[in-house]
Structures are given as C-alpha cells and as structure tokens.
Amino acid sequence: MTAFTTADILLPKLSSEEMTKWAVVACDQYTSEPQYWEKTADIVGSAPSALRLILPEVYLEAPDAKQRISEINKTMLDYISSDIFEEYKSSLILTVRTQADGKVRTGLVGAIDLEMYDYTKGSTSQVRATEATVASRIPPRVEIRRDAALELPHIMILIDDIKKTVIEPLEARIDTLKKVYDFELMQGGGHLAGYLIDGDNAKAVFTALDALADKDGFNSRYGLSGEEVLLYAMGDGNHSLATAKACYEEKKSSGSPDAALARYALAEVVNLHSEALEFEAIHRVIVDVDTNDLMSIMTEKLGLVKGTDGQSFTVVLGGNEENYTITKESSNLTVGSLQSFLDEYLSKNKGVIDYIHGDDVVRSLCEAENSIGFLLPSMTKAELFPTVIKDGALPRKTFSMGHAHDKRFYCEARKIR
C-alpha cells in the first residue's frame, strides 16, 4: 500500500451559489494583499464559509491572531453540531478545476499517511518535500492546527505518472460518477466540480498507485539502482503538511486518543504531466549589497563564464544584462547552484534577498543603487523527480506552480479530533 488512501470526507450541504461563498483560496496566497482577503470577507458576508475555518497568513502575525484562532476552533465545532456537513466514508474526491485561463486540472483528494512523509533533506520516504522546509515557519501554524476539530486542505502533491494510469482513467468515465459539487469560484478562481470515488473506482486508483510504487520499476524509470521509492513529491503546501506532521508527532508522543486521526492529512494528488500544470521560475534580487564584491566572489566560486551553455542565468546590474554559465556546479539545477552561493555570501556579507515573479519586476527593482538581480530559467517538470531524488529537497523558492488565483481552494474537510 502507498501513503495515499481514502478518507471520511466532509462536504457542506450547500447549493452551488452558496458553495461559491464557501470555497476560498489557500491561506498562504495574497500575503501582501490584505485587500484580497477583505474583499473575500465582503463576498462571504454572514454565509457559512471555509473563510471562518482558516487563518489567512496575511493575519498570521496580527495582534489578534490568537483570538482569530480561538474563533476558528469555535466555528468548527458550531459547523459540526449544526449538521452543515455530509460525510462520505472511505472515499476519494475527483476534482475538476477549470482555471481562469480555461485549462483544466484534475486531481484526487484523499488522505496522506504522515508516517510515510519526511520533509528533511536527504529523506528516502515515499512522500518528500521538493523545497527546503523552514523550521521556524512550523510552530505558528501548529498553534492553528493543534486544537482544531477539522482540517481543510490546500496541499497539492505530485505523482510522476507519465503513462497517465491513476487519475486519467477516471476522467474517461466521469459520466458514470456521482457529482458532489459543481460551482463557480470567487475572485477569478475559475470553476470547480467534484465527483465521488469509492468502491471499485477507488480500488483501481490504488492498484495503479501500487504499480507506480514498485521499487524495481521506479529504479528502472530513473536509471537508478536500489533507491527507495519517491512516489509523492510536494507541489504546494509543504509547510502545511509539515505542520500536520508536527501535530501528529506531538499527539502520538503524548498518547492522545486523537493520534489515530492526526496520523493522516487531507491532500490533493495531481499528475505532474497534467497539461494545466505549469512551472514558473522565481527570480532573485539582492539589495543593499556591494555588487562589485558579490560579482567578483561569485565569478570565482561558481566558475562563471559568459554564455548560455549548461547551467546559465542572467545578471541584471546597472541597467545592463549579461548571461553567465556556471562551470563549478553544486546542484542538479541552476537555481540550486546559485542559491547555495547566495546563502553563503549573505551569511557573511551585507545584503537582503527577495524572491520575485516576473522579469520586468526584477529589472525595475535593479534600477536602485547597490542592487543586483538574477533571472533564472524555469525548471522543466521532467527535472523535478530526478532532482529531488539526487539532491534531496531543493532550495526554497525554486519554482512556482501557477498564479495565486489558480492555487487550490478549500472545499473538502475532515475531522481530526
């Protein structure tokens, strides 16, 4: 058996119009745009909503954060006691998400066994982080989950199913499945429909996953020998899953009766080869830095030569752009080699790093004195699994999966107490 399994999934008993107010985008989006969340609150009004069951991270360090968490826990119990949910026992949910650009992303919501997840670099667990997990980000999130009666997932996990054996067969017979929701998402989120997967359909999913998890087949696919299987790679929400892991370990060590429920976390599994899934580069800008010193040391440490062969990136400095290639690689990816150097340099020298989406934003920021930017190539989807297998968890901010409004919206829930 693999780490992904069925769950007792809760769905609100609401109309399509009401579901538009129920579902809200992942809490870790729009963290610098409080107006997005203010508008979301206006749209929701007094209606039942997942907004009342999550803490948008824009408010994570607000003075009233503890009060917000207390109110979330109370609302969870109120929703459970008011019979707002219908429970689908031992089930999966097939999600069909039509993005704002019209592309369709299909996934499966179920439970991940946290005993089979290890986010530390060098992990050989079946479920692994794809980017470095920042330990300091976990305790504040534990405070939110520790006493929660429900969990709602914004976690997306990727499988490398190039032959499309797990999710896509369900799409082919979607007309035979029971539809459990179908509604428009707020604020440009697109459309979301869900279908119940249980019985023989669920068995077919797990049979296909078991085949993907075959150790000999895994090693053959990646040209390896004797390596442990990486079947599930984190796409979005790694710190959320790490938080669930921390809460589970806490409950397990204390002998809590909730440990059995806490052992699992709801997540959506998506095929890496979905045409709707796109990886975008995340660039770097460093301000308040001695750019001449940085360039001199970087040229030596990374063995930089001008050109675009191999691991290459573009330096934006003083209104000019120059392409460089790394000849002293320390990672399977350009971003890994560069980030390792930048981390070391900034630990010893003045400078502040920022992570930027969009080439033009980098160019604009680098107009300031003592600023330098690095335009990085997008990592291809085909590089993800081989790189995590070889290098372990990648540097933070290695890639982004789509725009904020295309991230997962909260819909399903599950009892964790």
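The present account deals with the structure reproduced in this document.

Cut-offs and rules
- Residues numbered from 1 in each chain as written.
- Predicted model: local features only at pLDDT ≥ 70, side-chain atom pairs only at ≥ 80, totals over all residues.
- Heavy atoms only, no water.
- Phe/Tyr/Trp six-rings, centres within 6.5 Å; stacked < 30°, edge-to-face > 60°.
- Buried < 20%, exposed > 50% of the residue type's maximum accessible area, 1.4 Å probe, protein only.
- Helix = DSSP H or I, 4+ residues; strand = E, 2+ residues; numbered from the N terminus.
- Lys NZ or Arg CZ within 6 Å of the ring centre and 35° of its normal.
- Core = buried A, V, L, I, M, F, W, Y, C linked by side-chain atoms within 4.5 Å.
- Contact = heavy atoms within 4.5 Å.
- Expected span 1.5 Å × (residues − 1).
- 1 Å grid on protein atoms, 1.4 Å probe; cavity = no way out; pocket = protein on both sides within 12 Å on 5 of 7 lines; lining within 4 Å.
- Points joined across faces, edges and corners; volume = space filled by probe spheres on them.
- Pairing = 2+ DSSP bridges.
- Axes fitted to C-alpha atoms, helices over the stretch in contact; angles between N-to-C directions.
- Arc of directions from axis to C-beta.
- Parallel < 35°, antiparallel > 145°, perpendicular 65-115°, else oblique.
- Left-handed = near helix turned anticlockwise from the far one by under 90°.
- Nonpolar A, V, L, I, M, F, W, Y, C, P; charged D, E, K, R; others polar.
- Disulfide = S-S within 2.5 Å.

1. Quick notes on the packing of aromatic side chains
Consideration 1: In total, this model carries 12 aromatic pairs according to the counting rule given.
Consideration 2: Considering the side-chain rings of tyrosine 30 and tyrosine 36, the 3.8 Å spacing of their centres and the 5 degrees angle between planes classify their relative orientation as stacked. There is no split in this pair, since tyrosine 30 and tyrosine 36 are both buried.
Consideration 3: With a centroid separation of 4.5 Å and an interplanar angle of 25 degrees, the aromatic rings of phenylalanine 279 and phenylalanine 399 are classed as stacked. In this pair, phenylalanine 279 is assigned in strand β13 (residues 279–281) and phenylalanine 399 in strand β20 (residues 399–401), connecting sequence segments 120 residues apart.
Consideration 4: Judged by relative accessible area, phenylalanine 279 falls into the buried class, the value being 10%.
Consideration 5: Among the residues examined, phenylalanine 399 registers a relative accessible area of 6% and is labelled buried.
Consideration 6: Three or more aromatic residues joined by ring pairs make a cluster, and in this case those are Trp22, Tyr79 and Phe85.
Consideration 7: We note arginine 68 situated over the ring of tyrosine 59; from NZ or CZ to the ring centre the distance is 4.0 Å.

2. Some remarks on the nonpolar core
Consideration 1: Ranked by internal contacts, the top residues of the largest apolar core, which has 82 residues, are Leu108, Tyr232, Met298, Phe374 and Leu384.
Consideration 2: Discounting residues that sit within four places of it in the chain, phenylalanine 374 has contacts with His283, Arg284, Ile286, Leu294, Met298, Phe313, Thr314, Val315, Leu338 and Leu342.
Consideration 3: Among the nonpolar cores identified, the runner-up in size contains 51 residues, and Cys27, Leu51, Ile144 and Leu152 belong to it.

3. A closer look at helix α3 (residues 65–81)
Consideration 1: The end-to-end C-alpha distance of α3, which contains 17 residues, comes to 25 Å, matching closely the 24 Å that a straight helix rising 1.5 Å per residue would cover.
Consideration 2: Where α3 is buried, its residues meet α1 (16–22), β3 (85–98), α4 (138–145) and β7 (150–151).
Consideration 3: Two residues or fewer after α3 comes aspartate 83, characterised by a positive phi angle close to 60 degrees.

4. Some details on the side chain of serine 274
Consideration 1: Summarising the element assignment, serine 274 is placed in the loop between β12 (264–271) and β13.
Consideration 2: Residue contacts for serine 274: discarding those within four places in its chain leaves Val104, Arg105 and Lys381.

5. Overview of empty space enclosed by the protein
Consideration 1: Counted according to the given criterion, the structure contains four cavities of 30 Å³ or more.
Consideration 2: Computed from the structure, the largest cavity encloses a volume of approximately 70 Å³.
Consideration 3: What lines the largest cavity is simply Thr95, Arg97, Arg105, Tyr181, Leu192, Glu268, Arg408, Phe409, Cys411 and Glu412.

6. Some remarks on the sheet that holds strand β16 (residues 311–317)
Consideration 1: One open sheet holds the six strands; their spatial order is β15-β17-β16-β19-β14-β18, and the pairing between them is antiparallel. Where the open sheet ends on each side, the last strands, each with one partner, are β15 (305–306) and β18 (352–356).
Consideration 2: Along the sheet, helix α10 (residues 291–302) contacts β14 (283–287), β16, β17 (320–326) and β19 (372–375); its crossing angle with β19, the most-contacted strand, is approximately 35 degrees.

7. Looking at the pairing of β12
Consideration 1: Among the eight residues that make up β12, seven are buried, leaving the element largely enclosed by the rest of the structure.
Consideration 2: In terms of strand pairing, strand β4 (residues 104–113) meets β12 through seven bridges, oriented antiparallel. Paired with glycine 110 across the two strands is alanine 267, which belongs to β12.
Consideration 3: Direction of pairing for strand β8 (residues 156–159) relative to β12: parallel, over a ladder of four bridges. Residue pairing across strands places methionine 156 opposite glutamate 268, the latter belonging to β12.

8. Observations concerning helix α2 (residues 34–44)
Consideration 1: Considered for burial, the residues of α2 that qualify are Tyr36, Trp37, Thr40 and Val44. For α2, the arc enclosing every buried residue in end-on projection is 90 degrees, short of the 170-degree limit, so these residues lie on one face.
Consideration 2: The inward-facing, buried residues of α2 abut α1.
Consideration 3: Note on α2: the residue one or two positions beyond its end, glycine 45, has a positive phi of about 60 degrees.

9. Notes on the packing of α10 against helix α11 (residues 334–348)
Consideration 1: Following both chains from N to C, one finds α10 and α11 inclined at 130 degrees, their axes separated by 11 Å at the closest point. As summarised for this structure, α10 and α11 are arranged oblique, according to the angle between their axes. As α10 runs across α11, the sense of the crossing is right-handed. Within the contact between the two elements, α10 uses Asp293, Leu294, Ile297, Met298, Lys301 and Leu302 and α11 uses Ser337, Leu338, Phe341, Glu344 and Tyr345.
Consideration 2: Residues that form the contact of α10 with α11 fall into these classes: seven nonpolar, one polar and three charged.

10. Concerning the state of the cysteines
Consideration 1: As enumerated under the stated definition, the model contains zero disulfides in all.
Consideration 2: Cysteine cysteine 27 remains unbridged, with the sulfur of cysteine 247 as its closest cysteine sulfur at 13 Å.
Consideration 3: Since its relative accessible area comes to 10%, cysteine 27 is described here as buried.
Consideration 4: The closest cysteine sulfur to the non-disulfide-bonded cysteine 411 is located on cysteine 27, 16 Å from its own sulfur.
Consideration 5: Residue classification places cysteine 411 among the buried positions, given a relative accessible area of 1%.

Interpretation note: all reported values are geometric properties and have no functional meaning in isolation.
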